[in-house]
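Listed here are the chains, written in short residue letters.
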Amino acid sequence: MSRAHNFSAGPAVLPLEVLETAKNELLDYRGCGSSIMEVSHRGKEYMEVDAQAQDRLKSLLGLGDDFEVLFLQGGASTQFMMAPYNFLSKDQTADYINTGTWSKKAIKEAKLFGNVNVAFTSEESNFSRVPTDSELKLTKDGRYVHFTSNNTIFGTQFRKEPESNGVPLICDASSDFLSRPLDVSRYGMIYAGAQKNAGPAGVTIVIIRKDFLKTAQKENLSTILNYHTHVGTMFNTPPAYPVYMVNLILGWLEKLGGLQAIDEINQRKAGWLYDEIDRDEFYNGTTEKASRSLMNVTFRLKNEELEKKFIAEATSNNLNGLKGHRSVGGIRASIYNACPEESVKALVEFMKDFRQKNG
Ligand SMILES: *Cc1c(COP(=O)(O)O)cnc(C)c1O
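From a predicted model like this one, the values you see are computed outputs, not experimental measurements.

*Asks:* I tried to follow the sheet that holds strand 3 (residues 93-98) on my own but got confused; where do I start?
*Replies:* Strand pairing in a sheet relies on backbone hydrogen bonds, with the paired strands running either antiparallel or parallel. If you trace the 7 strands from one edge of the open sheet to the other, you get 2-10-9-8-5-3-4, paired in mixed fashion. Looking at strand neighbours, the two that pair on one side only are strand 2 (67-72) and strand 4 (115-121), the edges of this open sheet. Here the average twist between neighbouring strands, direction ignored, is 20°. Alignment of strand 8 (residues 169-172) against strand 9 (residues 187-193), held across 4 bridges, turns out to be parallel. Counterpart to Asp-172 in the pairing with strand 9 is Tyr-191.

Put into structure tokens, the structure is as follows:
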């Protein structure tokens with residue numbers, strides 16, 4: 001068996017230890033004679049997995065009983081629509097912070113349901129940064145403030161929550177969910193497609209504060225798209241296998257020491273890469289330093305020819321998934337929670353070597 005150093009932006013690398021457990025439990029889940037994929041979602045085995053995943057999420061994030069945890073389908077993209085569908089009406093205005101492709105998609109959907117005030121945009125600099133608090137032009141009495149905590153494509157990340165003056169935050173945390181501790185009291189809702197930092201594709205984790213949920217519309221909503229439908233019950237079949245995988249990953253995170261511990265590891269990993277980028281002019285970071293992402297490290301070389309060569313030689317050295325998104329170009333190293341420190345070290349060694357031969 002040979003596992004590549006995997007820098008894919010998503011779906012992304014999973015912890016080897018978790019994959020081993022899944023493999024060992026695949027044919028006979030803990031003596032029940034079937035895999036967890038083959039049993040009723042209302043049976044004892046799956047119900048335990050689902051409850052444990054919820055408990056672990058609550059304990060890792062420090063969520064009290066004032067939060068609901070939902071495992072939904074349709075990806076983060078469905079939440080772009082579902083959040084305003086439930087929380088924004090024609091006569092209301094929500095603030096949206098536009099820091100990249102995913103923010104823009106969220107804005108497009110929200111406009112179908114109510115008024116959107118774009119409180120900040122960095123589009124004119126090709127999304128090279130996130131705002132400071134003083135740059136936000138928030139509406140008076142806004143319904144909520146929506147932001148994308150980590151911009152997967154452009155490689156920027158909020159260092160801390162934007163200041164919303166007490167208005168609930170709604171966060172698309174798809175690409176840095178569980179990468180660091182959060183001040184959960186600031187949020188009305190957090191959502192994340194699992195496939196970057198929390199598991200395989202197929203489940204979207206949605207966390208909603210109960211008092212915020214109380215303010216959601218209840219009338220004339222489609223049943224399946226109404227958050228209330230999913231609270232406390234399994235309305236329909238959940239994405240059982242992805243939830244099972246998420247639960248294993250949450251167990252792995254607990255064993256590592258929780259979000260404080262993974263945050264330290266993530267800072268260390270990103271630090272090695274940014275140090276190498278900043279060493280001289282050979283590699284150029286594409287984002288402003290204060291906005292740099294610890295999850296997606298984006299950089300360019302002198303010209304596209306050299307970038308092609310970099311990616312081709314990296315791939316032949318077992319370093320995969322490094323091609324940047326077409327809207328930025330260049331190189332993107334996605335180094336989520338599950339990307340081992342050895343992989344980042346291998347990439348840094350490759351970068352040094354490549355500079356020496358081509359500088
Ligand atoms: C990948 C990604 C999405 C899209 O997620 P889907 O689950 O594919 O809908 C949304 N937001 C961010 C920040 C992402 O990285």
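*Asks:* Mind showing me how you'd approach the domain arrangement of the chain here?
*Replies:* Much of the literature gives interface size as the accessible area that the parts lose upon coming together. According to the domain assignment, the chain consists of domain 1 (17-256) and domain 2 (258-358). Listed per partner, the contact involves 28 residues of domain 1 and 28 residues of domain 2. Summing both partners gives a buried area of about 2,200 Å² for domain 1 against domain 2, and 54% of it is carried by carbon and sulfur. The interface formed by domain 1 and domain 2 includes 0 salt bridges. Counting across the interface, domain 1 meets domain 2 through 16 residue pairs in polar contact (both at pLDDT 80 or more). Ranked by the residues each element gives to the side of domain 1 that touches domain 2, the list is headed by helix 7 (residues 240-256), at 4 residues.

*Asks:* What exactly am I supposed to notice about the sheet that holds strand 11 (residues 284-285) here?
*Replies:* The sheet built from 3 strands is open, its strands ordered 11-12-14 with antiparallel pairing. Whereas interior strands pair on both sides, the edge strands pair on one side only; in this sheet they are strand 11 and strand 14 (331-334). Summarising the sheet, strand 11 and strand 12 (residues 296-300) pair through 2 bridges and their orientation is antiparallel. Following the sheet pairing, Gly-285 is matched in strand 12 by Phe-299.

*Asks:* Just to check I follow, could you spell out unusual backbone geometry for this structure?
*Replies:* The phi angle of most residues is negative, glycine excepted, and most peptide bonds adopt the trans form. Here Gly-10 and Pro-11 are connected by a cis peptide whose omega angle stands at -15°. If you trace the backbone, Pro-11 turns up in the loop between strand 1 (5-6) and helix 1 (16-25). The backbone of Asp-141 shows a phi angle near 55°, a positive value even though the residue is not glycine. Since its relative accessible area comes to 68%, Asp-141 is described here as exposed. At Asn-220, a residue that is not glycine, the phi angle is positive and equals roughly 55°.

*Asks:* What is the right way to look at the pairing of strand 9 in this model?
*Replies:* When a strand is regular, its side chains alternate between the sheet's two faces. Most of strand 9 is tucked away: 7 of the 7 residues are buried. Direction of pairing for strand 9 relative to strand 10 (residues 204-209): antiparallel, over a ladder of 5 bridges. For Tyr-191, the partnering residue across the bridge sits in strand 10 and is Val-206.

*Asks:* Sorry if this is basic, but what is going on with helix 7 here?
*Replies:* For the α-helix, the turn length of 3.6 residues means that residues three or four positions removed from each other point alike. For helix 7, which comprises 17 residues, the first-to-last C-alpha distance of 25 Å matches the rise-based estimate of 24 Å (1.5 Å per residue) to within 8%. Burial analysis of helix 7 places 13 of its 17 residues in the buried class, the great majority of the element. Just downstream of helix 7, Gly-257 is the residue with a positive phi angle, here 115°.

*Asks:* How should the nonpolar core be read in this particular structure?
*Replies:* For soluble globular proteins, nonpolar side chains are generally found buried alongside one another. Judged by nonpolar contacts, the single largest core of 84 residues is most densely connected at Phe-177 and Phe-310. Broken down by element, the residue count for this core peaks at 10 residues, all from helix 7. Domain assignment of the residues forming this core places at least three in each of domain 1 (17-256) and domain 2 (258-358). Discounting chain neighbours no more than four positions away, the residues touching Phe-177 are Leu-57, Leu-61, Ile-190, Ala-192, Asn-197, Ala-198, Ile-205, Ile-207 and Asn-337.

*Asks:* Help me understand the site of the ligand, please; the structure alone is not making it clear to me.
*Replies:* Around the ligand sit 13 residues, and of these Ser-77, Thr-152, Asp-172, Gln-195 and Lys-196 come closest. Contacts to the ligand include Asp-172, whose side-chain N or O atom sits 2.6 Å from a nitrogen atom. Calculation on the ligand without its partners gives an accessible area of 390 Å², and the protein chains cover 87% of this total. The element best represented in the shell around the ligand is helix 3 (residues 75-87), accounting for 4 residues. Per-class residue counts for the shell around the ligand are 3 nonpolar, 8 polar and 2 charged.

*Asks:* Honestly, the pattern of salt bridges in this entry has me stumped. Any pointers?
*Replies:* When the charged atoms of two side chains with opposite charge come close together, those side chains can pair. As enumerated under the stated definition, the model contains 18 salt bridges in all. With a closest N to O distance of 2.7 Å, Glu-135 and Arg-129 form a salt bridge. When salt bridges with common partners are traced through the structure, they connect Glu-276, Arg-279, Asp-280, Lys-352 and Arg-355 into a single cluster.

*Asks:* Explain a nonpolar patch on the surface to me, please; I cannot follow it from the model alone.
*Replies:* Taken together, the side chains of Leu-26, Leu-27 and Met-37 present a nonpolar region at the surface, about 320 Å² in accessible area. Summarising the element assignment, Leu-27 is placed in the loop between helix 1 and helix 2 (44-61). For Leu-27, a relative accessible area of 72% corresponds to the exposed category.

*Asks:* Teacher, can you tell me more about the packing of aromatic side chains here?
*Replies:* Here a ring pair, both rings aromatic, is described through the centre-centre distance and the interplanar angle of the planes. Overall, the coordinates contain 19 aromatic pairs when judged by the stated rule. Here the aromatic rings of Phe-147 and Phe-158 are separated by 5.0 Å at their centres, their planes lie at 75°, and the arrangement is edge-to-face. Of this pair, Phe-147 sits in strand 5 (residues 145-148) while Phe-158 is found in the loop between strand 7 (156-157) and strand 8, placing the two residues 11 residues apart along the sequence. For Phe-158, a relative accessible area of 3% corresponds to the buried category.

What counts as what
- Each residue is numbered by its place in its chain's sequence as written, counting from 1.
- This being a predicted model, a pLDDT of at least 70 is required before a residue's local features are given, and a value of 80 or more before pairs of side-chain atoms are given or counted; all residues contribute to the totals for chains, interfaces and linings.
- Each side-chain value is worked out from all heavy atoms of the structure, with water and hydrogens disregarded.
- Should DSSP find at least two bridges between two strands, the strands are regarded as paired.
- Secondary structure elements are taken from DSSP: a helix is a run of H or I of four residues or more, a strand is a run of E of two residues or more, and numbering for both begins at the N terminus.
- Angles here are taken between N-to-C directions and fall from 0 to 180 degrees, while the axes themselves are lines fitted to C-alpha atoms, restricted in helices to the stretch in contact.
- Segment limits for the domains were obtained from an automatic or database-derived domain assignment.
- In what follows, residue pairs with any heavy atoms lying within 4.5 Å of each other are defined as contacts.
- In short, buried area is how much 1.4 Å probe accessible area vanishes from two parts on joining, totalled over both.
- Here a salt bridge means any side-chain nitrogen of Lys or Arg lying within 4 Å of a carboxyl oxygen belonging to Asp or Glu.
- The term polar contact refers here to a pair of N or O atoms within 3.5 Å; inside protein, the definition further demands a hydrogen-donor-capable atom paired with an acceptor-capable atom, and it admits residues adjacent in sequence only when both atoms are side-chain atoms.
- Summary of the burial criterion: residues with accessible area below 20% of their type's maximum are buried, those above 50% are exposed, and those between are partly exposed, where the area comes from a 1.4 Å probe applied to protein chains only.
- Working rule for helices: expected span equals 1.5 Å times residues minus one.
- Among buried residues, the Ala, Val, Leu, Ile, Met, Phe, Trp, Tyr and Cys ones that are joined through side-chain atoms within 4.5 Å form a nonpolar core.
- One heavy atom suffices: a residue is near a molecule or strand as soon as one of its heavy atoms comes within 4 Å of it.
- Only the protein chains shown count as covering a residue, and every accessible area follows the Shrake-Rupley method with a 1.4 Å probe.
- In this classification, Asp, Glu, Lys and Arg are treated as charged, Ala, Val, Leu, Ile, Met, Phe, Trp, Tyr, Cys and Pro as nonpolar, and every other residue, Gly included, as polar.
- Patch construction takes residues with relative accessible area above 30% that form no salt bridge. Like charges are linked within 9 Å, and nonpolar side chains (Val, Leu, Ile, Met, Phe, Trp, Tyr) are linked within 5 Å.
- The rule is short: rings of Phe, Tyr and Trp, with Trp giving its six-membered ring, pair when the centres are within 6.5 Å, and they are stacked under 30 degrees, edge-to-face over 60, tilted in between.

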